[in-house]
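Here's the letter readout for the chains.
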Amino acid sequence: MSVLDNWNQWKDFLGDRLHQAQGEGVNQEVISDIAYQVGDYLAKQVDPKNEQERILSDLWSVATPEEQHAIANVMVKLVQNNGNS
């Protein structure tokens, strides 16, 4: 089963990657840019596997680039308390 198949596993996975990046000294601006790039890639290349991913994909598809950055930043905030600290 892929990490994308389960919303909670996906959030934990993203939380782990966020904590890893922060632990290596990656600043918030870079994290935000990476989150945007991942969101853009997923929206263009990956079929949503659950309801939550479908909603994010649909929102992403109608958002302006500025709104897409906001979505990416909100996802970063959402997963900050997920994963292993």
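The shown structure was predicted, so the numbers you read here are calculated from the model rather than taken from an experiment.

What counts and what doesn't
Residues numbered from 1 in each chain as written. Predicted model: local features only at pLDDT ≥ 70, side-chain atom pairs only at ≥ 80, totals over all residues. Heavy atoms only, no water. Helix = DSSP H or I, 4+ residues; strand = E, 2+ residues; numbered from the N terminus. Buried < 20%, exposed > 50% of the residue type's maximum accessible area, 1.4 Å probe, protein only. Contact = heavy atoms within 4.5 Å. Areas by Shrake-Rupley, 256 points an atom, 1.4 Å probe, with all protein chains shown as cover. Axes fitted to C-alpha atoms, helices over the stretch in contact; angles between N-to-C directions. Parallel < 35°, antiparallel > 145°, perpendicular 65-115°, else oblique. Nonpolar A, V, L, I, M, F, W, Y, C, P; charged D, E, K, R; others polar. Expected span 1.5 Å × (residues − 1). Arc of directions from axis to C-beta. Left-handed = near helix turned anticlockwise from the far one by under 90°.

A.B. asks: Honestly, the overall build of the protein chain in this entry has me stumped. Any pointers?
C.D. replies: Assigned secondary structure in the protein chain consists of four helices and zero strands. The helix and strand sequence of the protein chain, counted from the amino end, reads α-α-α-α. Within the protein chain, the fraction of its 85 residues that count as buried is 33%. Long-range pairs, those at least 24 residues apart, make up 67% of the contacts in the protein chain between residues at least 6 apart in sequence. Total accessible area on the protein chain is roughly 5,700 Å²; 51% of this is exposed by carbon and sulfur atoms.

A.B. asks: What exactly am I supposed to notice about the packing of helix α1 (residues 7-23) against helix α4 (residues 65-79) here?
C.D. replies: Two measures define how a pair of helices packs: the angle their axes make with one another and the distance between the axes. With their axes 8 Å apart at the nearest point, α1 and α4 run at an angle of 90° to one another. One finds that α1 runs roughly perpendicular with respect to α4. Only M75, V76, L78 and V79 of α4 make contact with α1, whose side of the interface consists of W7, K11, L14, G15 and L18. Class assignment for the residues of the contact of α1 with α4 results in seven nonpolar, one polar and one charged.

A.B. asks: How should I be thinking about α1 in this particular structure?
C.D. replies: Note on helix geometry: an α-helix contains 3.6 residues per turn, so any two residues three or four positions apart are oriented the same way. With 17 residues, α1 ought to run about 24 Å at 1.5 Å a step, and its terminal C-alpha atoms sit 24 Å apart, in line with that. Those residues of α1 that sit buried are W7, W10, K11, L14, G15, L18, H19 and A21. Seen from one end, α1 has its buried residues packed into an arc of 165°, which puts them on one side. Buried residues along α1 sit in contact with α2 (28-45), α3 (51-62) and α4. At the exit of α1 stands G25, carrying a positive phi of roughly 85°.

A.B. asks: Can you help me understand the packing of α3 against α4 in this one?
C.D. replies: Their axes nearest at 8 Å, the elements α3 and α4 cross at an angle of 150°. In terms of axis orientation, α3 runs roughly antiparallel to α4. Every pair of crossing elements has a handedness; the one defined by α3 and α4 is right-handed. Contact residues: α3 offers L56, L59, W60 and V62, while α4 offers E67, Q68, I71, A72 and M75. Looking at the contact of α3 with α4 residue by residue, the classes come out as seven nonpolar, one polar and one charged.

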